[in-house]
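The lines below spell out each chain.
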Amino acid sequence: MKMIEVRNLRKQYPNHLAVEDVSFEVAEGEIFGILGPNGAGKTTTVECVAGLRKHDGGTVRVAGLDPRAQRDELREVLGMQLQSAELPEKIKVWEAMDLYASFYPDPANWQELLERVGLAGKHDTLFKNLSGGQRQRLSVALALVGRPRVAVLDELTTGLDPQARRDTWALVEQVRDSGVTIVLVTHFMEEAERLCDRLALIDAGKVVATDTPAGLIAQVGGDQRLRFRPTAPVADDVLLALPEVREVSRNGDQIVVTGTGNLAPAVTLALADRQIVPTDLRIEQATLDDAFLALTGRKLS
Amino acid sequence: MKLLLLETKLHLRDWPSMLFTIGLPVGLLVVLGFSIPGFTEQQESGERIVDTHMPSSMALLALLTLSCSVLPAVMATYRQQGVLRRMSTTPVHPSRLLGVQLLINLAVGAVSTALLIVVAWLAFGSAPPRQWAGFVLVFLLGSAALMALGLVIAALAPNAKSAPGIGSAVMFPLMFLGGIWVPREIMPDALRTVSDYSVAGPFAQALKDTWAGHPPQLMHLVVVAAGLVIFGGLAVRLFRWE
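All figures in this text were calculated on a predicted structure; none of them were measured in a lab.

(A) Spatial organisation of the overall build of chain B. Looking only at helices and strands, one finds ten helices and zero strands in chain B. In chain B, the succession of α and β elements from N to C terminus is α-α-α-α-α-α-α-α-α-α. Since a compact globule built from 242 residues should have a radius of gyration of about 18 Å, the 18 Å found for chain B is in line with a globular shape. If you line up chain B on its principal axes, its C-alpha atoms span 60 × 35 × 30 Å.

(B) Highlighting the packing of helix H3 (residues 53-81) of chain B against helix H7 (residues 162-177) of chain B. All names here are of chain B. Two numbers describe how H3 lies on H7: the axes approach to 9 Å, and their chain directions differ by 165 degrees. In terms of orientation, H3 and H7 fall into the roughly antiparallel class. In this structure, the crossing between H3 and H7 has a hand that is right-handed. Counting all contacts with H3, which are made through Leu-61, Leu-64, Cys-68, Ser-69, Pro-72, Ala-73 and Ala-76, the residues of H7 involved are Ala-163, Pro-164, Gly-167, Ser-168, Val-170, Met-171, Leu-174 and Met-175. When its residues are assigned to classes, the contact of H3 with H7 shows twelve nonpolar, three polar and no charged.

(C) Main features of the packing of helix H9 (residues 200-212) of chain B against helix H10 (residues 218-238) of chain B. Residue and element names in this part refer to chain B. At a minimum axis separation of 8 Å, H9 and H10 run at an interaxial angle of 135 degrees. With respect to each other, H9 and H10 are oriented oblique. When the axes of H9 and H10 are compared, the crossing they make is left-handed. Across the interface between the two elements, Pro-202, Phe-203, Gln-205 and Ala-206 from H9 touch His-220, Leu-221, Val-223 and Val-224 from H10. Residues that form the contact of H9 with H10 fall into these classes: six nonpolar, two polar and no charged.

(D) View of the interface of chain A and chain B. Listed as interface residues are 22 residues of chain A and, on the opposing side, 16 residues of chain B. Taken together, the elements giving at least two residues each to the side of chain A that touches chain B come down to helix H2 (71-77) and helix H3 (93-102) of chain A. Per-class residue counts for the side of chain A that touches chain B are twelve nonpolar, three polar and seven charged.

(E) Layout of H7 of chain B. Residues and elements named next belong to chain B. Between its terminal C-alpha atoms H7 stretches 23 Å, which fits the 22 Å expected from 16 residues at 1.5 Å a residue. Within H7 the residues assigned to the buried category are Ala-163, Ile-166, Gly-167, Val-170, Met-171, Leu-174 and Leu-177. Those residues of H7 that are buried lie in contact with H3, helix H6 (132-156), helix H8 (189-196) and H9. Two residues or fewer after H7 comes Gly-179, characterised by a positive phi angle close to 80 degrees.

(F) Spatial organisation of the nonpolar core. The biggest cluster of nonpolar side chains holds 76 residues, and the ones touching the most others in it are Ala-141, Val-183 and Leu-184 of chain A. In contact with Ala-141 of chain A, other than residues within four places in its own chain, are Met-97, Leu-113, Leu-114, Val-117 and Leu-119 of chain A. In this structure, Leu-116, Val-138, Ile-153 and Ile-180 of chain B belong to the second largest nonpolar core, which totals 63 residues.

(G) Seen up close, the domain arrangement of chain A. Partitioning chain A into domains gives domain 1 (2-218) and domain 2 (224-285). Relative to domain 2 of chain A, the C-alpha centre of domain 1 of chain A lies at a distance of 44 Å.

(H) Representation of the environment of Val-180 of chain A within the structure. All names here are of chain A. If you trace the backbone, Val-180 turns up in the loop between helix H6 (162-177) and strand E7 (181-186). Owing to 21 C-beta atoms within 10 Å, Val-180 belongs among the buried residues under this scheme. Apart from the residues lying within four places of it in its own chain, the contact partners of Val-180 are Pro-148, Arg-149, Val-150, Ala-151 and Val-175.

(I) Structural context of the sheet that holds strand E12 (residues 254-259) of chain A. All names here are of chain A. Taken in spatial order, the four strands line up as E11-E12-E10-E13 in an open sheet, and their pairing is antiparallel. The two strands at the open ends of the sheet, each matched to only one other strand, are strand E11 (245-251) and strand E13 (278-285). Within the sheet, the average angular offset between the axes of one strand and its neighbour, ignoring direction, is 20 degrees. Examined bridge by bridge, E11 and E12 share six bridges and lie antiparallel to one another. In the strand pairing of E12, Glu-247 is matched with Thr-258.

(J) Summary view of unusual backbone geometry. Residues and elements named next belong to chain A. At Arg-147, a position not held by glycine, the phi torsion is positive, near 50 degrees. Position of Arg-147 relative to the elements: it lies in the loop between helix H5 (132-144) and strand E6 (150-154). For Glu-155, which is not a glycine, the phi torsion comes out positive at approximately 50 degrees. Given 20 C-beta atoms within a 10 Å radius, Glu-155 is considered buried.

(K) Geometry of H3 of chain B. Residues and elements named next belong to chain B. In this model, H3 (29 residues) spans 41 Å end to end at C-alpha, consistent with the 42 Å of a helix rising 1.5 Å per residue. Along H3, the helix axis deviates most sharply at Leu-66, where the bend reaches about 35 degrees. Downstream of H3 by a residue or two, Gly-82 has a phi angle that is positive, lying close to 85 degrees.

(L) How the structure looks around the pairing of strand E8 (residues 198-203) of chain A. Residues and elements named next belong to chain A. Among the six residues in E8, five count as buried, and that is most of the element. Relative to strand E9 (residues 206-211), E8 runs antiparallel, the two sharing five bridges. Counterpart to Ile-202 in the pairing with E9 is Val-207. A loop of two residues connects E8 with E9, the two strands running antiparallel in sequence, and Ala-204 in this loop sits at a positive phi of about 50 degrees.

(M) Layout of the environment of Val-150 of chain A. Residues and elements named next belong to chain A. Within the element layout of this structure, Val-150 appears in strand E6. When the C-alpha atoms of Val-150 and Met-80 are compared, they prove to be 8.4 Å apart, with 70 residues separating the residues in sequence. Excluding residues that lie within four positions of it along the chain, Val-150 makes contacts with Met-3, Ile-4, Val-62, Ala-63, Val-77, Leu-78, Val-180, Thr-181 and Val-183.

Procedures and definitions
- Residues numbered from 1 in each chain as written.
- Chains lettered and ligands numbered in written order.
- Predicted model: local features only at pLDDT ≥ 70, side-chain atom pairs only at ≥ 80, totals over all residues.
- Helix = DSSP H or I, 4+ residues; strand = E, 2+ residues; numbered from the N terminus.
- Rg over C-alpha atoms; globule rule 2.2 N^0.38 Å.
- Axes fitted to C-alpha atoms, helices over the stretch in contact; angles between N-to-C directions.
- Parallel < 35°, antiparallel > 145°, perpendicular 65-115°, else oblique.
- Left-handed = near helix turned anticlockwise from the far one by under 90°.
- Contact = placed C-beta atoms within 7 Å.
- Nonpolar A, V, L, I, M, F, W, Y, C, P; charged D, E, K, R; others polar.
- Expected span 1.5 Å × (residues − 1).
- Buried ≥ 20, exposed ≤ 12 C-beta atoms within 10 Å, placed from the backbone.
- Core = buried A, V, L, I, M, F, W, Y, C linked by C-beta atoms within 7 Å.
- Domains from an automatic or database assignment.
- Pairing = 2+ DSSP bridges.
- Bend = angle between axes of the 7 residues up to and from the residue.

What follows is the structure in structure tokens.
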């Protein structure tokens, strides 16, 4: 079932066109990523989906609801964690949860929710004394307290240290496992690759491509690159004879082999036949960054 | 209801604002009343300054601080921090938070004023407002007009930091025109005419009149009510939630 359908979304601000033409669909239970550089229109897109902004063109449906006409119903179906939204400094964690729970007709048990996001021990802590990661986890908990079917998480891990980022990723996966459909807005390639079932690459207000992370990478050719130092000299021809190899270049005593398919096993086997060991072997695969570069001609970050 | 309770708690946790809006006016009344000999002496009119002028001026001080400084600072901060935006993702519109803030500030103003009445009576034997119904009406009307002005300030402030500055720039002239420093009776005619149309001036005068037992002057009520309509309309048009 389609949880979210966006068709030809368009949003014009007084002095610039934030979203020109964005279409995508999100299936129930998916983690759907919206990936793109800063200023690509990601946030505007999800704000239109969440009914925080009125779009000028196209159609948006969330669980069959029109965010413009059915704002109130939408609020009960969709929870949103906003980019850099804070709380009053002197509010305690439990007070925020209790308050936001009171906004919904059928809220989740917020004590349980605090435990799930790992903040049970911070029950009485003031918001201003929480770390960045703790604030984000509280934000996620607040977005979930109304028991939404869809959660929109906007730049959830921006500004977090690597450990806090990994903890937050684990939390997102856990939320999905509880049956909530997730829309994840991010400009981190690694995050999108790790978490998203499918994602839309957005650039300059348009969707460049929509696919699984592996599918997007495959779209740009899926070239792999092998770097190693052979224990004995190898002629280029030996390697070029392999069907997987497309190109061989040398960098001092280092050999760089570019190709596709099962490149690494093919090359190491061919070397082993000649009693040569590839030392310092490194395998580089194309990333979403490369896919983005190939599709737009611009770097993601 | 939970929102009202919680925001009240947050307000009480912000003790400097409580000090300025409840402690300072009462403290000034007591300290100035006892230390400046003229304040407890009978004037030509037969009244003492601590009878009506001082307590009603201090009530105006409390209300101006609440409306021009506390309220805009809180609302501009909530807007800048995204508290209002976060609330607009829930089924409860952030206007509820605004309403709660207005109520709390009005309540603090009422507590401050009530305390002034009691302390003036205990410390100086000043009689409580004699025209009490008129006093309450004037208090509510004037407070509403000043709160609406506070919301205009909150709307115009580009960020949380600038709100108190803009608030002070509005508040100090209004204190002056309201006769807190120079009583309206001894203002030069031109200045008093300006004061008559400054909302704070007629508000202060009407508080004082009803305190002394006279009915408020119609013109004063009209100016304050006009202020409420104008500031209220501007606030509705200008206020931004994000």
